[in-house]
Amino acid sequence: MPPEPWKVTASHCNSSYRVFNIRTDRARSPRTGLDHHFHVLESPPWVNVIPLTRQNEVVMIRQYRHGIQNVTLEIPGGLVEPGDTPEGAAKRELREETGYEGSEVILLGMVHPNPAIQNNDCYTYLIRNAVLAGRQEQDDKEDIEVVLHPLAEISCLIRENVITHSLVIAAFYRLFMEYLHYDLP
C-alpha cells in the first residue's frame, strides 16, 4: 500500500533567521494513527544560475562556505527576495555575484533541496550569452572570486570532486541531460 500524506495536527515557528525559520509540526501517521514531532526548515525559494558565455565558458564563483569550512567552486545563486520572481532573482544574483549579464534566460527546472527537513524549491536557470557588464556588488558577508571554466570540462570537475555542492551538480544534470540532451561522460 503506498504511503499517504500525514495530517498535521499542530504547527508553530520556533525560531526565525534571515534565510530560514525553524518550525515544529505535530503530525499523525495514517498507518499507525500515532502523533510525532517533526522539525522543518522553512526557507524562501532559491535560484541557481548557469551563465554561459558565447565562447561556451561557464561563469563560476569560488567562495568560502561556513558549513564545510572550505572554499567551493559553484555557480551564482541565492534567495528569491520578497516581491521578486525566480527569474528576476536569477538575473539579480548573477549580476551581484559576478558582474555578468546575459541575453537569454531559460528555466531548466526545479528541485527540492532536502524535502525531509526543508520546504523550499530551488530553480535552475541557464543564462546564455553572458558578458561582463560591470563590477560585482557583494555584500559585506561575501568574498567571491569569479572564474571561467569551459563547459566541456564541467563533468570532469564534478567527477574529480572539484565541484561538490549537490545543488550545483543537480543544476548541471538538468543542463546536460535535459537541455543539451547528452550523457555525462
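Here the structure is a predicted model, which means the values were calculated and not measured.

Calculation rules
- Counting restarts for each chain: residues are numbered from 1 in the order of the written sequence.
- Reporting in this predicted model follows two pLDDT cut-offs: at least 70 for local features of residues, and 80 or more for side-chain atom pairs to be given and counted; totals over whole chains, interfaces and linings ignore these cut-offs and use all residues.
- No hydrogens and no water enter the side-chain calculation; it runs on all heavy atoms of the structure.
- Between any two strands, pairing holds if DSSP finds at least two bridges.
- Every helix listed is a DSSP run of H or I at least four residues long, and every strand listed is a run of E at least two residues long, numbered separately from the N terminus.
- The convention used is that axes are lines fitted to C-alpha atoms, helices contributing only their stretch in contact, and that angles between N-to-C directions extend from 0 to 180 degrees.
- Only heavy atoms enter the contact rule, under which two residues are in contact if any of them lie within 4.5 Å.
- Contacts described as polar in this section are N or O atom pairs within 3.5 Å, which, within protein, must combine one atom able to donate a hydrogen with one able to accept it, while residues neighboring in sequence count only if both atoms come from side chains.

Asker: Mind showing me how you'd approach the sheet that holds strand β7 (residues 77–79) here?
Answerer: What links the strands of a sheet is backbone hydrogen bonding, and the strands pair in either a parallel or an antiparallel sense. Spatially, four strands are ordered β7-β4-β10-β9 in an open sheet, and the strand pairing comes out mixed. The two strands at the open ends of the sheet, each matched to only one other strand, are β7 and β9 (104–111). On average, each strand axis in the sheet is inclined to that of its neighbour by 20 degrees, with strand direction left out of account. Inspection of the sheet shows strand β4 (residues 46–51) paired to β7 by three bridges, in the antiparallel sense. The residue bridging V47 from the neighbouring strand is G78, located in β7. Helix α3 (residues 166–179) rests against β4, β9 and β10 (122–128) of the sheet, and its axis sits at about 115 degrees to β9.

Asker: Would you mind showing me how to read the side chain of S29 here?
Answerer: Turning to its location among the elements, S29 is positioned in the loop between β2 (21–28) and β3 (35–42). At 3.2 Å, the side chain of S29 and the backbone nitrogen of R31 are in polar contact. Residues within four places of S29 in sequence aside, it is in contact with W6 and L34.

Asker: Any chance you could explain the sheet that holds strand β6 (residues 70–74) here in plain terms?
Answerer: In spatial order, the strands read β6-β5-β12; together these three strands make up an open sheet with antiparallel pairing. Each edge of the sheet is formed by a strand with only one pairing partner; in this case those strands are β6 and β12 (145–150). Pairs of neighbouring strands in the sheet enclose a mean axial angle of 30 degrees, with direction left out of account. Sheet topology places strand β5 (residues 57–65) next to β6; five bridges connect them, and they run antiparallel. Bridging from a neighbouring strand, Y64 pairs with V71 of β6.

Any link to function would need more than the numbers given here.
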